Amino acid sequence: MRQLDNYLRSPQPGYAILISGDWGVGKSYKWSRYAAELTDRSPITISAAGLESLEDLERALLQASITMAVPGVVAEVGSVLGKALLRVAKIEPKDITWRAELTRDKTVVCIDDVERFAGPFSVLFGFVVNLIDSSGVHCLLIADEIRAGENFKDFGRYKERIVGATIHVEPDLPGFCQLTIKGIAEDGVRQIVGGSLSKIISLIESARVTNLRTVRTVIVEMKRLAEALPKDALDQIFSSPLPSAVFFWTVALARDANGREIVRKVFSTDQVGIMLALHDVMKEKGQATEDETASLASTLERLGLSAAVHSWPASQEFIDHMRESAGVDYQVLAAQFGLLPELRSYDPLMVIGDYASATDEQIQAAVGHAQAELVAGGEEGKAIKLSRILSIYRSLYFLSFKGVFVQTQEEWTQTVLRRLDCYLSTPDLIDCAGYEVWPDDYSAEERKVIAKCDEIVEVARKHAKVVASTSALSWILSGEGVAPNTNATPVFSSAPPPEDFLAKLRENGMAAVIRLNKVFRMRLSVTNSPDYVGGDRAYAQQLITCIERSVPSQRPLSLLDAEIKQAATYLRSFVQYVDRYERPSA
């Protein structure tokens, strides 16, 4: 920084130097490296962020100028404990040594974060003028001028009076990346990340990222992946879609912390590429609206990743890694992103999603595989995922629109609707977990398929409740298997008539009745259990009546009859509990 060299070599000329640049471009970083090399000047750096008054500024300058002869972490007065110590402890003069004195023409005071000063700018102006005129020290200001102008209406007027020269800082992307990578401790990881410097810089430049803090985070995330992935996957890491996926996740969240859910969705479904392609179709027709898909398309375009998104797989492992969750299977993650080709299974929708890179033969083969998958259902007796059916439908619907698929859009829609109708009567053959529909402008045909999918979800939900209830009732009677969560699962949804159920209780003996009692005793201790199991109330009342009719009232009772009578007490308390919950007193 030649201007700064000239400024510091001469006596204080009566003005300050301003280092200006966008937030995060490396202004403070550049000054700190420059200050570390000074030999004939004593640099003192303070931050104006959050300070409001002249007293705040003077205190910050004092704290930055001294060290104390005390042990441990409080030795630095600039530390949190050191600042507290200055306020509450009696400090002897002999315990204080000056880190840098305000010596005329020998000291340079840097005031960072000027735009974040919380008081009137006139206060900061007066402080700087006093440093220059009264103390005769060189003074450096670091600021994002645009934000300073927004925060202080008089910034331009005061700047003209105290700033003699302005140094505009542009990010030194290659130098910063090299220095950051050089700081990676492990040799192997450093070589892997360093060997792909050009790829990293290309991603950053394409997205026009200038914030070096974000750049550092991207490199740290690349390092974290290189440390975790299998060794035999590392050679392929930077020729795979993984770096662009990491870059998207990191930069998108750095720019909008509220976008966490939409970023997650990108990697939770295998239809993002087709969804964006269909969005472009609607946009060409002038029928697209501003929604979640439009927002994602805009973000990808700004980051230069509109093409890269088509090669990103759905990967819960990747989501868990980026969230720093425990238990990530990096072998699976590597296979999903093509780092271990021998372990990556063929996916026709990945071929269709990246259609721009495929041949006609590959696309037609993928169409055939997708159609066969729709007909066959899940693999090896497993239930097929509803989200997968929707992805198959939309992928081939897009190809139909392009004229690449033999069926028309209407014909293909009817084919899928007929297949979905089969699952309405066999909901146990379909897995609705992970099914979600992005807000988007769907065509009339697409809306029909989505409506049918929603209908299946509701049927499957009711079926799952019946299965859970049947299992819970079976556990009460037999005690076999893992105890279900009966505080959230109704047990009487599929129960036989109360007389038959009571007979089964007797057949299974004391243990079965004790399990029934435990279920209803526990429900009484859960505040909102009626929200989940209130449907058992009517059957419980019928069972109470049945018990009162069948259990003798004369003593002595058998142990089994005594336990059944106790069950009636718990059932009655449950009925009353539900009634109070549904009709609270005024």
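Draft legend 1. Examining the environment of Gly-259 more closely. Assignment of secondary structure puts Gly-259 in the loop between α12 (242–255) and α13 (260–266). Placed 151 residues apart in sequence, Gly-259 and Val-108 show a C-alpha to C-alpha distance of 42 Å.

Draft legend 2. Structural context of the environment of Ile-204. Topologically, Ile-204 is positioned in helix α10 (residues 197–206). For Ile-204, a relative accessible area of 0% translates into the label buried. Ile-204 has contacts with Leu-173, Cys-177, Val-209, Val-215 and Phe-247, leaving out every residue within four places of it along the chain.

Draft legend 3. Inspection of a nonpolar patch on the surface at higher detail. Taken together, the side chains of Met-510, Ile-514 and Leu-559 present a nonpolar region at the surface, about 290 Å² in accessible area. Along the chain, Ile-514 turns up in helix α23 (residues 498–523).

Draft legend 4. Highlighting the pattern of salt bridges. One pass over the full model with this rule turns up 23 salt bridges. Across the pair Arg-264 and Glu-436 runs a salt bridge, and its minimum N-O distance is 3.4 Å. Of this pair, Arg-264 sits in helix α13 while Glu-436 is found in the loop between β9 (430–431) and α22 (444–478), placing the two residues 172 residues apart along the sequence. Assessed through its relative accessible area of 15%, Arg-264 is described here as buried. Here Glu-436 falls in the partly exposed class, since its relative accessible area comes to 27%.

Draft legend 5. Local environment of empty space enclosed by the protein. As enumerated under the stated definition, the model contains three cavities of 30 Å³ or more in all. By volume, the largest cavity amounts to about 110 Å³. Taken together, 13 residues line the largest cavity, and the ones lying closest to its centre are Asp-270, Val-272, Gly-273, His-310 and Trp-312. Breaking the lining of the largest cavity down by element, the ones donating at least two residues are α14 (272–284) and α18 (348–353). Of the pockets and cavities examined, the second largest cavity occupies roughly 40 Å³. Lining of the second largest cavity is provided by Leu-18, Val-114, Phe-121, Leu-141, Ala-143, Phe-155, Lys-159, Ile-162 and Val-163. Listing elements by their share of the lining of the second largest cavity, those giving two or more residues are β6 (138–143) and α7 (155–162).

Draft legend 6. Layout of the layout of surface pockets. Quantified by volume, the largest pocket comes out at close to 1,600 Å³. Asp-270, Ser-345, Asp-347, Glu-373 and Arg-388 are, among the 44 residues lining the largest pocket, the residues nearest its centre. Elements with a minimum of two residues in the lining of the largest pocket: α17 (330–336), α18, α19 (360–376), β8 (384–385) and α20 (386–402). Sorting elements by how many residues they give to the lining of the largest pocket places α19 first, with five residues. A breakdown of the residues in the lining of the largest pocket according to their chemical character gives 17 nonpolar, 15 polar and twelve charged. Within this model, the second largest pocket holds a volume of roughly 490 Å³. Forming the boundary of the second largest pocket are 26 residues, of which Leu-276, Ala-277, Asp-280, Ser-306 and His-310 lie nearest the centre. Broken down by secondary-structure element, the contributors of at least two residues to the lining of the second largest pocket are α14, α15 (292–302) and α20. Broken down by element, the residue count for the lining of the second largest pocket peaks at seven residues, all from α14. When grouped by side-chain class, the residues that make up the lining of the second largest pocket number twelve nonpolar, seven polar and seven charged.

Draft legend 7. Representation of unusual backbone geometry within the structure. Omega for the peptide link from Arg-555 to Pro-556 comes to -5°, which places this bond in the cis form. Tracing the chain through its elements places Pro-556 in the loop between α25 (537–550) and α26 (559–582). One non-glycine residue with positive phi stands out, namely Glu-324, at about 60°. Tracing the chain through its elements places Glu-324 in the loop between α16 (316–322) and α17. For Glu-324, a relative accessible area of 58% corresponds to the exposed category.

Draft legend 8. Expanded view of the packing of aromatic side chains. Evaluation of the coordinates by the stated rule reveals 23 aromatic pairs. Measuring from centroid to centroid gives 6.2 Å for Phe-248 and Phe-267, while their planes differ by 55°, and the two rings are tilted. You can see Phe-248 sitting in helix α12 and its partner Phe-267 sitting in the loop between α13 and α14, a full 19 residues away along the chain. Each of the two residues, Phe-248 as well as Phe-267, counts as buried. For the ring pair Phe-492 and Tyr-539, a centre distance of 4.4 Å and an interplane angle of 35° mean the geometry is tilted.

Draft legend 9. Local environment of the packing of α14 against α15. Between α14 and α15, the least distance of the axes is 10 Å, while the angle of their chain directions is 100°. On the basis of the axis angle, α14 is roughly perpendicular to α15. In this structure, α14 uses Val-272, Met-275, Leu-276 and His-279 to contact α15, whose residues at the interface are Thr-293, Ala-294, Leu-296, Ala-297 and Leu-300. Looking at the contact of α14 with α15 residue by residue, the class counts come to seven nonpolar, two polar and no charged.

Draft legend 10. Focus on the sheet that holds strand β1 (residues 16–20). Pairing is parallel across the open sheet formed by five strands, whose spatial order is β2-β5-β6-β1-β7. Each edge of the open sheet is held by one strand with a lone partner, namely β2 (42–47) and β7 (163–168). With direction set aside, neighbouring strand axes in the sheet form an average angle of 20°. Pairing geometry for β1 and β7, over five bridges, is parallel. Among the inter-strand pairings, Ile-19 is bridged to a residue of β7, identified as Ile-167. Of the strands in this sheet, β1, β2, β5 (107–112) and β6 touch helix α5 (residues 121–135), which is tilted by about 170° from β5. Lying over the sheet, α7 contacts β1, β6 and β7, oriented at roughly 110° with respect to β7.

Draft legend 11. Inspection of the side chain of Asn-211 at higher detail. Relative to the helices and strands, Asn-211 is located in the loop between α10 and α11 (212–228). Judged by relative accessible area, Asn-211 falls into the buried class, the value being 12%. In this structure the side chain of Asn-211 is engaged in a polar contact, spanning 2.8 Å, whose partner is the backbone nitrogen of Arg-213. Those residues in contact with Asn-211, other than ones at most four positions away along the chain, are Trp-23 and Gly-24.

What counts as what
- Residues numbered from 1 in each chain as written.
- Predicted model: local features only at pLDDT ≥ 70, side-chain atom pairs only at ≥ 80, totals over all residues.
- Heavy atoms only, no water.
- Helix = DSSP H or I, 4+ residues; strand = E, 2+ residues; numbered from the N terminus.
- Buried < 20%, exposed > 50% of the residue type's maximum accessible area, 1.4 Å probe, protein only.
- Contact = heavy atoms within 4.5 Å.
- Patch = residues over 30% accessible without salt bridge, like charges linked within 9 Å, V, L, I, M, F, W, Y side chains within 5 Å.
- Areas by Shrake-Rupley, 256 points an atom, 1.4 Å probe, with all protein chains shown as cover.
- Salt bridge = Lys/Arg side-chain N within 4 Å of Asp/Glu carboxyl O.
- 1 Å grid on protein atoms, 1.4 Å probe; cavity = no way out; pocket = protein on both sides within 12 Å on 5 of 7 lines; lining within 4 Å.
- Points joined across faces, edges and corners; volume = space filled by probe spheres on them.
- Nonpolar A, V, L, I, M, F, W, Y, C, P; charged D, E, K, R; others polar.
- Phe/Tyr/Trp six-rings, centres within 6.5 Å; stacked < 30°, edge-to-face > 60°.
- Axes fitted to C-alpha atoms, helices over the stretch in contact; angles between N-to-C directions.
- Parallel < 35°, antiparallel > 145°, perpendicular 65-115°, else oblique.
- Pairing = 2+ DSSP bridges.
- Polar contact = N/O pair within 3.5 Å; in protein donor to acceptor, adjacent residues only side chain to side chain.

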